[in-house]
Amino acid sequence: MAEAVPHRAQSNRFLFLYALAAAGGAVAYVPLLTVLLPVQVTLLAGEQDVIWLSYLTFGGAIAASLTNIAFGWLSDFTGHRRRWIATGLGLSSMMLILIGKADTFEALIGLIVLWQIGLNLMLSPLAAWAGDCVPDHQKGRLGGLLAFSPALGALAGSFVTFPNMALPETRLALVAMIVAAMVLPVLLLGRPTPMPQLMERVEGRQVAGKLRSSARNVIAAMWSARLLVQIAEAALFAFLFIWLKSISPTFRDSDSAMVFSIALCIAVPIAMISGRLSDRFNRPIAPLVVFAALGAVGLWTMAMSTTLFGAIAGYLIFGITISVFLALHSSQTLRVLPRPQNRGRDLGLFNLTNTVPSLIMPWLTLLLVPSFGFSGLFVLLGSLCVAACALLAALAMRR
């Protein structure tokens, strides 16, 4: 849909507060899923930690998939985003605190499901709010700012696992406090410049006409490419600590958090520069092609690594480039959604590219790792990134 006022810009104040809140959303799940949950599962399950972690990831992903769509639709239906975000913040924070106290696998999986419900009650309306407020000519910049989200999430993981910073049973309570401090400012102080051109209703006949054109292919390519990349990202997200510990038994949870933090912090300036350039030259897809290809290089480097240094170097290539890819992809996705009045629901459907990989990845891991080791898994994941690169390259050439 063409914008009625193409040069009207959203305020820097809102963009920065929104980026802070989005980063708070990442802090709500990155430390838990990358470090704290694997550590807790290892303590409870011992040598069965990979299997237990796979089950937990599977159950949480089902809850996230369904609730993200449902809460996005509800925020569309009610016309309010802030109230849903605030409610989700409260529920997810309570669940984080309880997860830190779980002492059985059954309790842990139940709390993870409830936490996913609260988390998506916050994240789904928050994502749709950006579509309501940020015009197309600022979406590259928005993508660059969104790169802060995983970086600050990883830094939070490093912070709460720093020796003597917090007791193991209080780490998640500290995470919950950090999340509240990052999300509340946009809810209380965010006053976005109205963008009525972004909220104009598009009726069924108009949508059908658009989707009979190349827009349908654009949506399919964007959705499929992100799914392929996210399968690779999800595997590293859940199993990086276990893989690195298998290479070096002295590798600690705080070391894993630091590796995540370094990769994601380096990604921030790269994403911001790439996003600005994509806005300036009106080439929103080109950076996605480049970073998907580099992600494959990182994975194949990891597959060939036999030392801790090589393994970390390969992950840094992958982690940096895929973090940039996902940040820029998130903002550019808002360009292709057909109906502003269903933006939350449609973003929930796009969010399946984030959650479906968590349903696929555990079984890929259980199938490949026992027979071929992590190297076989990384070769396959690198091939998925190449397929994503090809899809987006074809899309970029058509545009």
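Residues numbered from 1 in each chain as written. Predicted model: local features only at pLDDT ≥ 70, side-chain atom pairs only at ≥ 80, totals over all residues. Heavy atoms only, no water.

1. Some points on the overall build of the chain
Rules: Here a helix means four or more residues in a row that DSSP labels H or I, a strand means two or more in a row labelled E, and each is numbered from the N terminus. Taken over C-alpha atoms, the radius of gyration is set against a globule rule of 2.2 Å times the number of residues to the power 0.38. A 1.4 Å probe rolled over the protein chains alone gives each residue an accessible area, and that area as a share of the maximum for its type sets the label: buried under 20%, exposed over 50%, partly exposed in between. Note on definitions: a residue-residue contact is assigned when non-hydrogen atoms from the two residues lie within 4.5 Å. What sets the accessible areas is the Shrake-Rupley method with a 1.4 Å probe; for residues, cover comes only from the shown protein chains. In summary, the charge assignment counts Lys and Arg as positive and Asp and Glu as negative, without counting His or the chain termini. Charged side chains are reduced to one point each, which is NZ for Lys, CZ for Arg, CG for Asp and CD for Glu.
The number of helices and strands found in the chain is 14 helices and 0 strands. Along its sequence from the N terminus, the chain presents helices and strands in the succession α-α-α-α-α-α-α-α-α-α-α-α-α-α. Relative to the globule expectation of 21 Å for 399 residues, the C-alpha radius of gyration of the chain, 20 Å, shows essentially globular dimensions. Burial status across the chain gives 55% buried among its 399 residues. Pairs at least 24 apart in sequence give 85% of the contacts found in the chain among residues at least 6 apart. If you sum the accessible surface of the chain, you get close to 16300 Å²; carbon and sulfur atoms cover 69% of it. Of note, the chain has its 27 positive side-chain charges centred 13 Å away from the centre of its 16 negative side-chain charges.

2. A word on the pattern of salt bridges
If the charged atoms of two oppositely charged side chains come close together, the side chains can form a pair. As a reminder, the rule being used: Put simply, a salt bridge is a Lys or Arg side-chain nitrogen that is within 4 Å of an Asp or Glu carboxyl oxygen.
Summed over the entire model, instances satisfying the criterion amount to 5 salt bridges. Asp 76 is the salt-bridge partner of Arg 81, the closest N and O atoms lying 3.0 Å from each other. According to the relative accessible area criterion, Asp 76 is buried, its value standing at 12%. Among the ionic pairs, Asp 136 bridges to Lys 139, the shortest N-O distance being 2.6 Å. Taken together, the salt bridges that share partners define one network made up of Asp 76, Arg 81, Asp 132 and Arg 343.

3. Considerations on the nonpolar core
In globular proteins that are soluble, nonpolar side chains generally tend to be buried together. Definition in use: Side-chain atoms within 4.5 Å are what join buried Ala, Val, Leu, Ile, Met, Phe, Trp, Tyr and Cys residues into a set we call a nonpolar core.
Leu 236, Phe 378 and Leu 381 are the most contacted members of the largest nonpolar core, which has 120 residues in total. When residues in this core are grouped by element, the largest group, 18 residues, is from helix H9 (residues 215-247).

4. Description of a nonpolar patch on the surface
Keep this limit in mind: Exposure above 30% relative accessible area and the absence of a salt bridge qualify a residue for a patch, where like charges join within 9 Å and nonpolar side chains (Val, Leu, Ile, Met, Phe, Trp, Tyr) within 5 Å.
Taken together, the side chains of Val 290, Leu 294, Val 297 and Ile 317 define a hydrophobic patch exposed on the protein surface, amounting to about 290 Å² of accessible area. With 3 residues, helix H11 (residues 286-304) is the single largest residue contributor to the nonpolar patch. Looking at where Val 290 falls in the secondary structure, it is placed in helix H11.

5. Observations concerning the side chain of Thr 333
In plain terms, the rule: Here a polar contact is taken to be a pair of N or O atoms separated by no more than 3.5 Å, where protein atoms must pair a possible hydrogen donor with a possible acceptor and residues adjacent in sequence count only if both atoms sit in side chains.
Considering the arrangement of structural elements, one finds Thr 333 in helix H12 (residues 308-333). Here the side chain of Thr 333 touches His 329 through a polar contact of 2.8 Å, landing on its backbone oxygen. Ignoring any residue separated from it by four or fewer positions in sequence, one finds Thr 333 in contact with Met 222, Leu 347 and Phe 350.

6. Some details on the environment of Ile 85
Turning to its location among the elements, Ile 85 is positioned in helix H3 (residues 82-99). For Ile 85, a relative accessible area of 0% puts it in the buried group. Expressed as a C-alpha distance, the spacing of Ile 85 and Gly 118, which sit 33 residues apart in the sequence, is 9.4 Å. Excluding anything up to four places from it in sequence, Ile 85 contacts Leu 121, Met 122, Pro 125, Leu 126, Trp 129, Val 183 and Leu 187.

7. A few points about the packing of H11 against H12
Relative orientation and spacing of two packed helices are given, respectively, by the angle between their axes and the distance between those axes. To keep it simple, the criterion reads: Note on geometry: axes are C-alpha line fits, over the in-contact stretch for helices, and angles between N-to-C directions span 0 to 180 degrees. Roughly parallel refers to an angle under 35 degrees, roughly antiparallel to one over 145, roughly perpendicular to one between 65 and 115, and oblique to any angle outside these ranges. A crossing counts as left-handed when the near helix is turned anticlockwise from the far one by less than a right angle, and as right-handed when that turn is clockwise. As a working rule, the residues Ala, Val, Leu, Ile, Met, Phe, Trp, Tyr, Cys and Pro are called nonpolar, Asp, Glu, Lys and Arg charged, and the rest polar, with Gly in that last group.
Where H11 meets H12, the axes come as close as 8 Å, and the angle between the chain directions of the two elements is 160°. When the axes of H11 and H12 are compared, the pair comes out roughly antiparallel. Between H11 and H12 lies a crossing whose hand is left-handed. Contacts between H11 and H12 involve Pro 287, Leu 288, Phe 291, Ala 292, Leu 294, Gly 295, Gly 298, Leu 299, Thr 301 and Met 302 on the former and, on the latter, Gly 310, Ala 311, Gly 314, Tyr 315, Ile 317, Phe 318, Thr 321, Ile 322, Val 324, Phe 325, Leu 328 and His 329. A class-by-class count of the residues in the contact of H11 with H12 yields 15 nonpolar, 7 polar and no charged.

8. Looking at unusual backbone geometry
Located in the positive-phi region is Asn 282, a residue other than glycine, with phi close to 55°. On the secondary structure map, Asn 282 appears in the loop between helix H10 (253-280) and H11. Its relative accessible area of 54% is what places Asn 282 among the exposed residues.

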